[in-house]
Amino acid sequence: METAHQPPGGEEEYLKHRRLKRGAAGWILLAGLGVAYVISGDFAGWNLGLAQGGWGGLLIAFVLMAVMYTCMVFGLAELSSTLPTAGAGYAFARRALGPLGGYATGMAVLIEYAVAPAAIATFIGGYVEALGLFGLTNSWPVYLVTYVIFIGIHLRGVGEALKIMFGITAVATVALIAAVIGLLPKFDPARLFDIVPDGSAGSSAFLPMGVSGILAALVYGIWFFLAVEGVPLAAEETSNPKRDMPRGIIVAVIILVAFGALMLVLVPGAAGSQAMSGSDNPLPEALRIAYGGNTFLADFVNYAGLAGLVASFFSIIYAYSRQLFALSRAGYLPRWLSLTGARRTPYWALIIPGTIGFLLAAVTQDGALLINIAVFGATVSYVLLNLSHIVLRKKEPHLERGYRTPGGIVTTSVALVLSAVAVVATFVVDVFAASITAAIFAAALLYYWLYSRHRIVAGAPEEEFAQLAMAEAELK
(Lines give C-alpha, C1' and ligand atoms only; values in the text may rest on other atoms or scores of the structure.)
Protein backbone atom coordinates (compact mmCIF):
# COMPACT_ATOMS: atom_id res chain seq x y z
CA MET A 1 0.00 0.00 0.00
CA GLU A 2 1.39 3.41 -1.00
CA THR A 3 1.61 5.92 1.83
CA ALA A 4 1.58 9.71 1.39
CA HIS A 5 3.33 11.69 4.13
CA GLN A 6 3.66 15.31 5.19
CA PRO A 7 7.39 16.06 4.87
CA PRO A 8 9.53 17.13 7.85
CA GLY A 9 9.09 20.85 8.57
CA GLY A 10 5.68 20.96 6.92
CA GLU A 11 4.50 21.04 3.34
CA GLU A 12 5.02 24.78 2.78
CA GLU A 13 8.61 24.72 4.03
CA TYR A 14 9.36 21.59 1.98
CA LEU A 15 8.03 23.02 -1.32
CA LYS A 16 9.66 26.44 -0.71
CA HIS A 17 13.02 24.83 -1.47
CA ARG A 18 11.65 22.90 -4.46
CA ARG A 19 10.13 25.54 -6.76
CA LEU A 20 10.83 26.33 -10.39
CA LYS A 21 10.71 29.74 -12.08
CA ARG A 22 7.30 30.36 -13.65
CA GLY A 23 6.61 32.24 -16.88
CA ALA A 24 10.03 31.58 -18.44
CA ALA A 25 8.71 30.06 -21.71
CA GLY A 26 5.95 30.79 -24.25
CA TRP A 27 4.90 28.52 -27.12
CA ILE A 28 7.65 29.69 -29.51
CA LEU A 29 10.34 28.86 -26.94
CA LEU A 30 8.59 25.54 -26.30
CA ALA A 31 8.62 24.70 -30.02
CA GLY A 32 12.30 25.65 -30.05
CA LEU A 33 12.86 23.43 -27.03
CA GLY A 34 11.17 20.50 -28.81
CA VAL A 35 13.35 20.95 -31.90
CA ALA A 36 16.45 21.45 -29.75
CA TYR A 37 15.86 18.17 -27.89
CA VAL A 38 16.00 16.28 -31.17
CA ILE A 39 17.98 18.24 -33.76
CA SER A 40 21.23 16.41 -33.01
CA GLY A 41 19.51 13.33 -34.42
CA ASP A 42 19.64 14.97 -37.86
CA PHE A 43 23.39 15.54 -37.59
CA ALA A 44 24.51 12.09 -36.42
CA GLY A 45 23.23 8.74 -35.15
CA TRP A 46 20.34 8.11 -37.56
CA ASN A 47 22.78 7.07 -40.31
CA LEU A 48 23.89 4.05 -38.27
CA GLY A 49 20.50 2.57 -39.17
CA LEU A 50 21.75 2.21 -42.76
CA ALA A 51 24.06 -0.54 -41.51
CA GLN A 52 21.11 -2.30 -39.86
CA GLY A 53 18.47 -2.18 -42.61
CA GLY A 54 19.89 -0.42 -45.65
CA TRP A 55 18.24 2.70 -47.03
CA GLY A 56 14.90 1.00 -47.66
CA GLY A 57 14.76 -0.49 -44.18
CA LEU A 58 15.61 2.86 -42.58
CA LEU A 59 13.06 4.64 -44.79
CA ILE A 60 10.26 2.31 -43.64
CA ALA A 61 11.46 2.64 -40.03
CA PHE A 62 11.44 6.45 -40.36
CA VAL A 63 7.89 6.50 -41.73
CA LEU A 64 6.61 4.18 -39.00
CA MET A 65 8.31 6.19 -36.24
CA ALA A 66 7.12 9.49 -37.73
CA VAL A 67 3.56 8.14 -37.51
CA MET A 68 4.15 6.91 -33.96
CA TYR A 69 5.58 10.21 -32.71
CA THR A 70 2.97 12.34 -34.45
CA CYS A 71 0.13 10.29 -32.96
CA MET A 72 1.77 10.29 -29.53
CA VAL A 73 2.43 14.03 -29.63
CA PHE A 74 -1.26 14.71 -30.24
CA GLY A 75 -1.99 12.69 -27.09
CA LEU A 76 0.73 14.49 -25.12
CA ALA A 77 -0.63 17.86 -26.25
CA GLU A 78 -3.91 16.93 -24.58
CA LEU A 79 -2.31 15.52 -21.45
CA SER A 80 0.05 18.47 -20.96
CA SER A 81 -2.79 20.98 -21.31
CA THR A 82 -4.77 19.01 -18.73
CA LEU A 83 -2.07 18.22 -16.12
CA PRO A 84 0.60 20.95 -16.41
CA THR A 85 3.33 19.93 -13.95
CA ALA A 86 7.11 19.46 -14.17
CA GLY A 87 6.54 15.70 -13.90
CA ALA A 88 5.08 15.57 -17.44
CA GLY A 89 4.96 11.90 -18.53
CA TYR A 90 5.32 10.65 -14.97
CA ALA A 91 2.48 12.94 -13.84
CA PHE A 92 0.22 11.80 -16.70
CA ALA A 93 0.82 8.13 -15.92
CA ARG A 94 0.48 8.81 -12.17
CA ARG A 95 -3.04 10.13 -12.76
CA ALA A 96 -4.05 7.38 -15.19
CA LEU A 97 -2.19 4.29 -13.95
CA GLY A 98 -1.55 4.99 -10.26
CA PRO A 99 1.72 5.50 -8.33
CA LEU A 100 3.52 2.43 -9.74
CA GLY A 101 2.60 3.31 -13.32
CA GLY A 102 3.69 6.91 -12.76
CA TYR A 103 6.98 5.92 -11.20
CA ALA A 104 7.71 3.34 -13.93
CA THR A 105 7.07 5.93 -16.62
CA GLY A 106 9.24 8.51 -14.88
CA MET A 107 12.14 6.08 -14.48
CA ALA A 108 11.95 4.97 -18.12
CA VAL A 109 12.06 8.63 -19.19
CA LEU A 110 14.93 9.29 -16.79
CA ILE A 111 16.98 6.43 -18.30
CA GLU A 112 16.35 7.87 -21.76
CA TYR A 113 17.31 11.42 -20.81
CA ALA A 114 20.33 10.51 -18.71
CA VAL A 115 21.87 8.35 -21.47
CA ALA A 116 20.95 10.32 -24.62
CA PRO A 117 23.36 13.20 -23.80
CA ALA A 118 26.14 10.62 -23.37
CA ALA A 119 25.49 9.36 -26.91
CA ILE A 120 25.40 12.95 -28.21
CA ALA A 121 28.71 13.69 -26.44
CA THR A 122 30.39 10.97 -28.51
CA PHE A 123 29.03 12.57 -31.70
CA ILE A 124 30.24 16.00 -30.54
CA GLY A 125 33.66 14.36 -30.17
CA GLY A 126 33.38 13.03 -33.73
CA TYR A 127 32.60 16.48 -35.16
CA VAL A 128 35.44 18.07 -33.13
CA GLU A 129 37.90 15.44 -34.36
CA ALA A 130 36.76 15.94 -37.99
CA LEU A 131 37.64 19.65 -37.67
CA GLY A 132 41.10 18.89 -36.29
CA LEU A 133 40.73 21.55 -33.59
CA PHE A 134 43.88 21.74 -31.40
CA GLY A 135 44.57 18.10 -32.24
CA LEU A 136 41.58 16.99 -30.14
CA THR A 137 40.22 13.49 -30.71
CA ASN A 138 36.87 11.89 -29.95
CA SER A 139 37.71 11.19 -26.31
CA TRP A 140 36.87 11.91 -22.67
CA PRO A 141 38.38 15.43 -22.37
CA VAL A 142 35.91 16.66 -25.03
CA TYR A 143 33.03 14.98 -23.19
CA LEU A 144 34.09 16.45 -19.83
CA VAL A 145 34.34 20.03 -21.13
CA THR A 146 30.96 19.66 -22.84
CA TYR A 147 29.24 18.48 -19.66
CA VAL A 148 30.89 21.07 -17.40
CA ILE A 149 30.08 24.06 -19.64
CA PHE A 150 26.46 23.25 -20.33
CA ILE A 151 25.48 22.02 -16.89
CA GLY A 152 27.08 25.24 -15.61
CA ILE A 153 24.84 27.35 -17.86
CA HIS A 154 21.76 25.49 -16.61
CA LEU A 155 22.78 26.20 -13.03
CA ARG A 156 22.58 29.92 -13.88
CA GLY A 157 18.81 29.75 -14.47
CA VAL A 158 16.09 28.47 -16.77
CA GLY A 159 15.28 31.73 -18.57
CA GLU A 160 18.90 32.23 -19.59
CA ALA A 161 19.27 28.55 -20.51
CA LEU A 162 16.19 28.44 -22.75
CA LYS A 163 17.18 31.61 -24.61
CA ILE A 164 20.72 30.36 -25.22
CA MET A 165 19.30 27.02 -26.35
CA PHE A 166 16.96 28.81 -28.76
CA GLY A 167 19.88 30.70 -30.31
CA ILE A 168 21.99 27.56 -30.68
CA THR A 169 19.05 25.75 -32.30
CA ALA A 170 18.65 28.59 -34.81
CA VAL A 171 22.30 28.18 -35.87
CA ALA A 172 21.80 24.42 -36.21
CA THR A 173 18.70 24.97 -38.35
CA VAL A 174 20.73 27.19 -40.70
CA ALA A 175 23.31 24.38 -40.94
CA LEU A 176 20.65 21.85 -41.97
CA ILE A 177 19.30 24.22 -44.61
CA ALA A 178 22.85 24.82 -45.89
CA ALA A 179 23.45 21.05 -46.07
CA VAL A 180 20.23 20.60 -48.06
CA ILE A 181 21.25 23.32 -50.54
CA GLY A 182 24.72 21.82 -50.92
CA LEU A 183 23.65 18.18 -51.28
CA LEU A 184 20.67 18.66 -53.59
CA PRO A 185 22.68 19.18 -56.81
CA LYS A 186 24.75 16.05 -56.06
CA PHE A 187 21.75 13.79 -55.38
CA ASP A 188 21.71 10.49 -57.30
CA PRO A 189 18.98 7.95 -56.43
CA ALA A 190 21.31 5.05 -57.29
CA ARG A 191 23.58 5.95 -54.36
CA LEU A 192 20.75 5.17 -51.94
CA PHE A 193 20.95 1.50 -52.90
CA ASP A 194 24.71 0.85 -52.97
CA ILE A 195 24.72 -1.55 -49.98
CA VAL A 196 25.12 -5.11 -51.24
CA PRO A 197 22.23 -7.44 -50.23
CA ASP A 198 23.34 -9.95 -47.58
CA GLY A 199 21.16 -12.82 -48.82
CA SER A 200 18.83 -12.88 -45.82
CA ALA A 201 15.08 -13.52 -46.25
CA GLY A 202 13.55 -10.88 -48.49
CA SER A 203 16.85 -9.12 -49.20
CA SER A 204 17.09 -6.86 -52.23
CA ALA A 205 18.74 -3.61 -53.31
CA PHE A 206 15.94 -1.76 -51.49
CA LEU A 207 16.11 -3.99 -48.38
CA PRO A 208 19.70 -5.34 -48.35
CA MET A 209 19.24 -6.91 -44.90
CA GLY A 210 15.77 -8.22 -45.72
CA VAL A 211 12.56 -7.70 -43.80
CA SER A 212 14.30 -8.17 -40.44
CA GLY A 213 16.39 -5.09 -41.25
CA ILE A 214 13.29 -2.93 -40.90
CA LEU A 215 12.87 -3.97 -37.28
CA ALA A 216 16.57 -3.43 -36.56
CA ALA A 217 16.43 0.04 -38.14
CA LEU A 218 13.51 1.16 -35.96
CA VAL A 219 15.89 2.17 -33.17
CA TYR A 220 17.58 4.63 -35.53
CA GLY A 221 14.28 5.80 -36.96
CA ILE A 222 13.46 6.81 -33.39
CA TRP A 223 16.70 8.82 -33.16
CA PHE A 224 15.18 11.33 -35.62
CA PHE A 225 12.57 12.19 -32.95
CA LEU A 226 13.88 10.98 -29.59
CA ALA A 227 13.07 13.33 -26.67
CA VAL A 228 10.50 15.61 -28.36
CA GLU A 229 8.09 14.19 -25.78
CA GLY A 230 10.08 16.14 -23.18
CA VAL A 231 8.46 19.49 -24.03
CA PRO A 232 5.77 19.08 -21.30
CA LEU A 233 8.55 18.94 -18.69
CA ALA A 234 8.61 22.74 -18.96
CA ALA A 235 4.94 23.03 -17.92
CA GLU A 236 5.59 24.64 -14.52
CA GLU A 237 7.89 27.20 -16.17
CA THR A 238 5.42 28.11 -18.95
CA SER A 239 3.30 31.27 -19.14
CA ASN A 240 0.05 29.57 -20.21
CA PRO A 241 0.47 25.77 -20.41
CA LYS A 242 -3.10 25.05 -21.55
CA ARG A 243 -2.58 27.17 -24.64
CA ASP A 244 1.20 27.06 -25.16
CA MET A 245 1.96 23.36 -24.60
CA PRO A 246 -0.14 21.95 -27.49
CA ARG A 247 1.09 24.64 -29.89
CA GLY A 248 4.73 24.17 -28.95
CA ILE A 249 4.94 20.39 -29.13
CA ILE A 250 2.87 20.02 -32.35
CA VAL A 251 4.88 22.67 -34.22
CA ALA A 252 8.10 20.97 -33.04
CA VAL A 253 7.17 17.53 -34.38
CA ILE A 254 6.11 18.96 -37.78
CA ILE A 255 9.52 20.65 -38.16
CA LEU A 256 11.33 17.47 -37.11
CA VAL A 257 9.49 15.27 -39.63
CA ALA A 258 10.43 17.67 -42.43
CA PHE A 259 14.12 17.89 -41.50
CA GLY A 260 14.39 14.14 -40.88
CA ALA A 261 12.97 13.30 -44.32
CA LEU A 262 15.42 15.69 -46.02
CA MET A 263 18.45 14.23 -44.24
CA LEU A 264 17.38 10.64 -44.90
CA VAL A 265 17.07 11.24 -48.63
CA LEU A 266 19.84 13.74 -49.42
CA VAL A 267 22.78 12.60 -47.25
CA PRO A 268 23.03 8.99 -48.52
CA GLY A 269 21.69 10.11 -51.91
CA ALA A 270 24.70 12.37 -52.38
CA ALA A 271 27.44 10.34 -50.67
CA GLY A 272 26.14 6.74 -50.76
CA SER A 273 24.42 4.68 -48.09
CA GLN A 274 27.47 2.45 -47.62
CA ALA A 275 29.80 5.37 -46.91
CA MET A 276 27.32 6.97 -44.50
CA SER A 277 26.42 3.80 -42.59
CA GLY A 278 29.29 4.09 -40.13
CA SER A 279 30.10 7.81 -40.08
CA ASP A 280 30.13 9.78 -36.82
CA ASN A 281 29.90 13.12 -38.71
CA PRO A 282 27.69 12.24 -41.71
CA LEU A 283 26.63 15.70 -42.92
CA PRO A 284 30.08 17.29 -43.41
CA GLU A 285 31.48 13.95 -44.58
CA ALA A 286 28.69 13.64 -47.17
CA LEU A 287 29.53 17.11 -48.49
CA ARG A 288 33.24 16.27 -48.68
CA ILE A 289 32.54 13.02 -50.56
CA ALA A 290 30.02 14.66 -52.89
CA TYR A 291 32.38 17.51 -53.82
CA GLY A 292 35.56 15.41 -53.90
CA GLY A 293 37.30 17.10 -50.99
CA ASN A 294 37.00 19.79 -48.36
CA THR A 295 34.97 22.91 -49.12
CA PHE A 296 33.89 26.03 -47.25
CA LEU A 297 30.35 24.63 -47.07
CA ALA A 298 31.55 21.35 -45.53
CA ASP A 299 33.52 23.25 -42.89
CA PHE A 300 30.56 25.54 -42.20
CA VAL A 301 28.19 22.57 -41.74
CA ASN A 302 30.83 20.88 -39.57
CA TYR A 303 31.13 23.90 -37.24
CA ALA A 304 27.40 24.68 -37.25
CA GLY A 305 26.67 20.96 -36.87
CA LEU A 306 28.38 21.18 -33.51
CA ALA A 307 25.66 23.71 -32.64
CA GLY A 308 23.00 21.12 -33.50
CA LEU A 309 24.61 18.50 -31.32
CA VAL A 310 25.10 21.01 -28.52
CA ALA A 311 21.45 22.15 -28.80
CA SER A 312 20.18 18.65 -28.09
CA PHE A 313 22.82 17.94 -25.47
CA PHE A 314 22.01 21.21 -23.73
CA SER A 315 18.23 20.82 -23.83
CA ILE A 316 18.11 17.14 -22.78
CA ILE A 317 20.13 18.12 -19.70
CA TYR A 318 17.22 20.45 -18.94
CA ALA A 319 14.80 17.54 -19.49
CA TYR A 320 16.54 15.03 -17.24
CA SER A 321 16.88 17.56 -14.45
CA ARG A 322 13.14 18.32 -14.49
CA GLN A 323 12.19 14.65 -14.58
CA LEU A 324 14.50 13.82 -11.69
CA PHE A 325 13.31 16.93 -9.83
CA ALA A 326 9.66 15.87 -10.10
CA LEU A 327 10.25 12.26 -9.01
CA SER A 328 12.37 13.41 -6.07
CA ARG A 329 10.01 16.19 -4.97
CA ALA A 330 7.19 13.64 -4.80
CA GLY A 331 9.32 11.24 -2.72
CA TYR A 332 9.76 8.48 -5.32
CA LEU A 333 13.52 9.15 -5.34
CA PRO A 334 15.67 10.63 -2.51
CA ARG A 335 14.24 14.06 -1.62
CA TRP A 336 17.56 15.92 -1.57
CA LEU A 337 17.77 15.47 -5.35
CA SER A 338 14.96 18.04 -5.81
CA LEU A 339 16.52 20.90 -3.83
CA THR A 340 16.64 24.17 -5.79
CA GLY A 341 19.00 27.09 -5.26
CA ALA A 342 18.49 30.86 -5.26
CA ARG A 343 17.94 30.84 -9.04
CA ARG A 344 15.26 28.13 -8.78
CA THR A 345 17.37 25.52 -10.57
CA PRO A 346 17.50 21.93 -9.23
CA TYR A 347 21.27 21.67 -8.84
CA TRP A 348 21.62 18.04 -7.73
CA ALA A 349 19.16 16.95 -10.42
CA LEU A 350 21.50 18.58 -12.96
CA ILE A 351 24.80 17.30 -11.57
CA ILE A 352 24.11 13.64 -10.66
CA PRO A 353 22.75 12.39 -14.04
CA GLY A 354 25.40 14.51 -15.78
CA THR A 355 28.14 12.69 -13.90
CA ILE A 356 26.63 9.31 -14.79
CA GLY A 357 26.30 10.33 -18.46
CA PHE A 358 29.89 11.54 -18.65
CA LEU A 359 31.17 8.27 -17.21
CA LEU A 360 29.08 6.24 -19.69
CA ALA A 361 30.44 8.25 -22.63
CA ALA A 362 34.04 8.12 -21.37
CA VAL A 363 34.01 4.38 -20.66
CA THR A 364 32.12 3.15 -23.74
CA GLN A 365 32.90 5.82 -26.39
CA ASP A 366 30.21 4.00 -28.37
CA GLY A 367 27.37 6.17 -29.69
CA ALA A 368 25.46 3.24 -31.19
CA LEU A 369 25.43 1.36 -27.86
CA LEU A 370 24.29 4.45 -25.95
CA ILE A 371 21.55 5.13 -28.51
CA ASN A 372 20.15 1.65 -27.94
CA ILE A 373 20.13 2.11 -24.15
CA ALA A 374 18.40 5.50 -24.44
CA VAL A 375 15.87 4.15 -26.94
CA PHE A 376 14.97 1.25 -24.64
CA GLY A 377 14.01 3.70 -21.89
CA ALA A 378 12.16 5.87 -24.40
CA THR A 379 10.09 3.09 -25.94
CA VAL A 380 9.02 1.69 -22.55
CA SER A 381 7.88 5.18 -21.56
CA TYR A 382 6.00 5.57 -24.87
CA VAL A 383 3.99 2.42 -24.22
CA LEU A 384 3.00 3.78 -20.80
CA LEU A 385 2.34 7.34 -22.05
CA ASN A 386 0.01 6.24 -24.83
CA LEU A 387 -1.71 3.84 -22.46
CA SER A 388 -2.14 6.74 -20.00
CA HIS A 389 -3.96 8.85 -22.58
CA ILE A 390 -6.31 5.97 -23.42
CA VAL A 391 -7.01 5.12 -19.76
CA LEU A 392 -7.55 8.77 -18.77
CA ARG A 393 -10.01 9.28 -21.62
CA LYS A 394 -11.96 6.21 -20.44
CA LYS A 395 -11.63 6.82 -16.70
CA GLU A 396 -12.15 10.59 -16.62
CA PRO A 397 -14.06 11.62 -19.76
CA HIS A 398 -15.31 14.86 -18.15
CA LEU A 399 -11.87 16.08 -17.01
CA GLU A 400 -11.30 19.66 -18.20
CA ARG A 401 -8.95 19.54 -21.18
CA GLY A 402 -7.32 22.57 -22.79
CA TYR A 403 -6.85 20.58 -26.03
CA ARG A 404 -8.36 17.36 -27.36
CA THR A 405 -6.45 14.83 -29.47
CA PRO A 406 -7.74 14.51 -33.06
CA GLY A 407 -9.09 10.99 -33.40
CA GLY A 408 -9.10 10.48 -29.62
CA ILE A 409 -7.93 7.11 -28.38
CA VAL A 410 -7.71 5.69 -31.92
CA THR A 411 -4.77 8.03 -32.52
CA THR A 412 -2.91 7.04 -29.36
CA SER A 413 -3.77 3.34 -29.92
CA VAL A 414 -1.79 3.49 -33.19
CA ALA A 415 1.13 5.01 -31.28
CA LEU A 416 0.77 2.35 -28.54
CA VAL A 417 1.09 -0.55 -31.00
CA LEU A 418 4.08 0.99 -32.79
CA SER A 419 5.85 1.81 -29.52
CA ALA A 420 5.42 -1.80 -28.34
CA VAL A 421 7.04 -2.98 -31.60
CA ALA A 422 9.87 -0.51 -30.99
CA VAL A 423 10.57 -2.03 -27.55
CA VAL A 424 11.10 -5.39 -29.28
CA ALA A 425 13.40 -3.71 -31.82
CA THR A 426 15.87 -2.66 -29.09
CA PHE A 427 16.51 -6.33 -28.33
CA VAL A 428 16.96 -7.11 -32.04
CA VAL A 429 19.69 -4.48 -32.44
CA ASP A 430 21.64 -5.23 -29.24
CA VAL A 431 20.21 -7.84 -26.90
CA PHE A 432 23.01 -7.29 -24.36
CA ALA A 433 22.47 -3.52 -24.04
CA ALA A 434 18.69 -3.89 -23.93
CA SER A 435 18.89 -6.66 -21.30
CA ILE A 436 21.24 -4.66 -19.07
CA THR A 437 18.97 -1.63 -19.31
CA ALA A 438 15.91 -3.76 -18.58
CA ALA A 439 17.68 -5.09 -15.47
CA ILE A 440 18.43 -1.52 -14.28
CA PHE A 441 14.78 -0.59 -14.87
CA ALA A 442 13.67 -3.65 -12.87
CA ALA A 443 16.00 -2.68 -10.01
CA ALA A 444 14.44 0.80 -9.97
CA LEU A 445 10.97 -0.75 -9.70
CA LEU A 446 12.20 -2.92 -6.83
CA TYR A 447 13.46 0.22 -5.04
CA TYR A 448 9.98 1.69 -5.33
CA TRP A 449 8.26 -1.46 -4.06
CA LEU A 450 10.55 -1.97 -1.07
CA TYR A 451 11.19 1.63 -0.06
CA SER A 452 9.88 4.75 -1.77
CA ARG A 453 6.18 3.86 -2.05
CA HIS A 454 5.98 4.32 1.72
CA ARG A 455 7.52 7.82 1.51
CA ILE A 456 5.47 9.63 -1.13
CA VAL A 457 5.03 13.36 -0.39
CA ALA A 458 1.35 14.29 -0.17
CA GLY A 459 1.85 17.95 -1.11
CA ALA A 460 3.75 17.43 -4.39
CA PRO A 461 1.68 18.76 -7.35
CA GLU A 462 1.42 15.36 -9.05
CA GLU A 463 0.12 13.79 -5.83
CA GLU A 464 -2.36 16.64 -5.32
CA PHE A 465 -3.77 15.99 -8.80
CA ALA A 466 -4.19 12.33 -7.89
CA GLN A 467 -5.80 13.11 -4.52
CA LEU A 468 -8.28 15.50 -6.15
CA ALA A 469 -9.21 12.80 -8.65
CA MET A 470 -9.78 10.28 -5.84
CA ALA A 471 -11.91 12.75 -3.88
CA GLU A 472 -14.02 13.53 -6.96
CA ALA A 473 -14.50 9.81 -7.59
CA GLU A 474 -15.65 9.27 -4.00
CA LEU A 475 -18.15 12.14 -4.25
CA LYS A 476 -19.63 10.60 -7.39
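Here's a quick rundown of the structure.

Each value, and the rule that gives it
- Residues numbered from 1 in each chain as written.
- Predicted model: local features only at pLDDT ≥ 70, side-chain atom pairs only at ≥ 80, totals over all residues.
- Heavy atoms only, no water.
- Helix = DSSP H or I, 4+ residues; strand = E, 2+ residues; numbered from the N terminus.
- Contact = heavy atoms within 4.5 Å.
- Areas by Shrake-Rupley, 256 points an atom, 1.4 Å probe, with all protein chains shown as cover.
- Polar contact = N/O pair within 3.5 Å; in protein donor to acceptor, adjacent residues only side chain to side chain.
- Buried < 20%, exposed > 50% of the residue type's maximum accessible area, 1.4 Å probe, protein only.
- Core = buried A, V, L, I, M, F, W, Y, C linked by side-chain atoms within 4.5 Å.
- Axes fitted to C-alpha atoms, helices over the stretch in contact; angles between N-to-C directions.
- Parallel < 35°, antiparallel > 145°, perpendicular 65-115°, else oblique.
- Left-handed = near helix turned anticlockwise from the far one by under 90°.
- Nonpolar A, V, L, I, M, F, W, Y, C, P; charged D, E, K, R; others polar.
- Salt bridge = Lys/Arg side-chain N within 4 Å of Asp/Glu carboxyl O.

### Brief notes about the overall build of the protein chain
Here is step 1 of the chain: Across its full length, the protein chain carries 17 helices and two strands.
Here is step 2 of the chain: Here the analysis covers contacts within the protein chain between residues at least 6 apart in sequence; of these, 83% occur between residues at least 24 apart.
Here is step 3 of the chain: In the structure as shown, the protein chain presents an accessible area of about 16,800 Å², 70% of it carried by carbon and sulfur atoms.

### Regarding the side chain of arginine 288
Here is step 1 of the chain: By secondary structure assignment, the location of arginine 288 is in helix H11 (residues 282–290).
Here is step 2 of the chain: Within polar-contact distance, the side chain of arginine 288 engages the side chain of asparagine 294 at 2.8 Å.
Here is step 3 of the chain: Residues contacting arginine 288, with those up to four places away along its chain left out, are Ala130, Asn281, Gly293, Asn294, Ala298, Asp299 and Asn302.

### What about the side chain of serine 315?
Here is step 1 of the chain: Note that serine 315 resides in helix H12 (residues 296–329).
Here is step 2 of the chain: The class for serine 315 is buried, based on a relative accessible area of 2%.
Here is step 3 of the chain: In this structure the side chain of serine 315 is engaged in a polar contact, spanning 3.2 Å, whose partner is the backbone nitrogen of tyrosine 37.
Here is step 4 of the chain: In terms of polar contacts, serine 315 uses its side chain to reach the backbone carbonyl oxygen of serine 312, at 3.3 Å.
Here is step 5 of the chain: If we ignore the near neighbours within four places in the chain, the residues touching serine 315 are Leu33, Ala36, Tyr37 and Met165.

### Side note on helix H8 (residues 212–222)
Here is step 1 of the chain: Of all eleven residues making up H8, nine are buried, and the element is well covered by its neighbours.
Here is step 2 of the chain: Residues of H8 that are buried: Gly213, Ile214, Ala216, Ala217, Leu218, Val219, Tyr220, Gly221 and Ile222.
Here is step 3 of the chain: The inward-facing, buried residues of H8 contact helix H4 (50–82), helix H14 (367–395) and helix H15 (409–429).

### Details of the nonpolar core
Here is step 1 of the chain: The biggest cluster of nonpolar side chains holds 150 residues, and the ones touching the most others in it are Tyr37, Phe43, Tyr69, Ile124, Leu226, Leu283 and Ile371.
Here is step 2 of the chain: If you tally residues by element for this core, the top one is helix H5 (residues 89–131), at 22 residues.
Here is step 3 of the chain: Residue contacts for leucine 283: discarding those within four places in its chain leaves Asp42, Phe43, Tyr127, Leu176, Ala179, Met263, Val267 and Val301.

### A look at the packing of H5 against helix H16 (residues 431–450)
Here is step 1 of the chain: For the pair H5 and H16, the least separation of the axes is 10 Å and the interaxial angle reads 140°. The angle between H5 and H16 places the two elements in the oblique class. Between H5 and H16 lies a crossing whose hand is right-handed. Taken together, the residues of H16 that come into contact with H5 (itself represented by Pro99, Leu100, Tyr103, Ala104, Met107, Ala108 and Ile111) are Thr437, Phe441, Ala444, Leu445, Tyr447 and Tyr448.
Here is step 2 of the chain: Partitioning the contact of H5 with H16 into residue classes produces twelve nonpolar, one polar and no charged.

### A look at the pattern of salt bridges
Here is step 1 of the chain: With the rule as written, the count across this model stands at four salt bridges.
Here is step 2 of the chain: The partner of glutamate 396 in a salt bridge is arginine 95, and the shortest N-O contact between them spans 2.7 Å. Placement of the pair is glutamate 396 in the loop between H14 and H15 and arginine 95 in helix H5, with a sequence separation of 301 residues.
Here is step 3 of the chain: One continuous salt-bridge network, built from bridges that share partners, spans Glu78, Arg393 and Arg401.

### Describing unusual backbone geometry
Peptide bonds are trans in most cases, and residues, glycine excluded, mostly fall at negative phi.
Here is step 1 of the chain: Positive phi is not limited to glycine here, since alanine 227 has a value of about 95°.
Here is step 2 of the chain: Structurally, alanine 227 is set in the loop between H8 and helix H9 (241–271).
Here is step 3 of the chain: Judged by its relative accessible area of 0%, alanine 227 falls in the buried class.
Here is step 4 of the chain: Phi at glutamine 365 takes a positive value of approximately 45°, unusual for a residue other than glycine.
Here is step 5 of the chain: Of note, glutamine 365 is situated in the loop between helix H13 (347–364) and H14.

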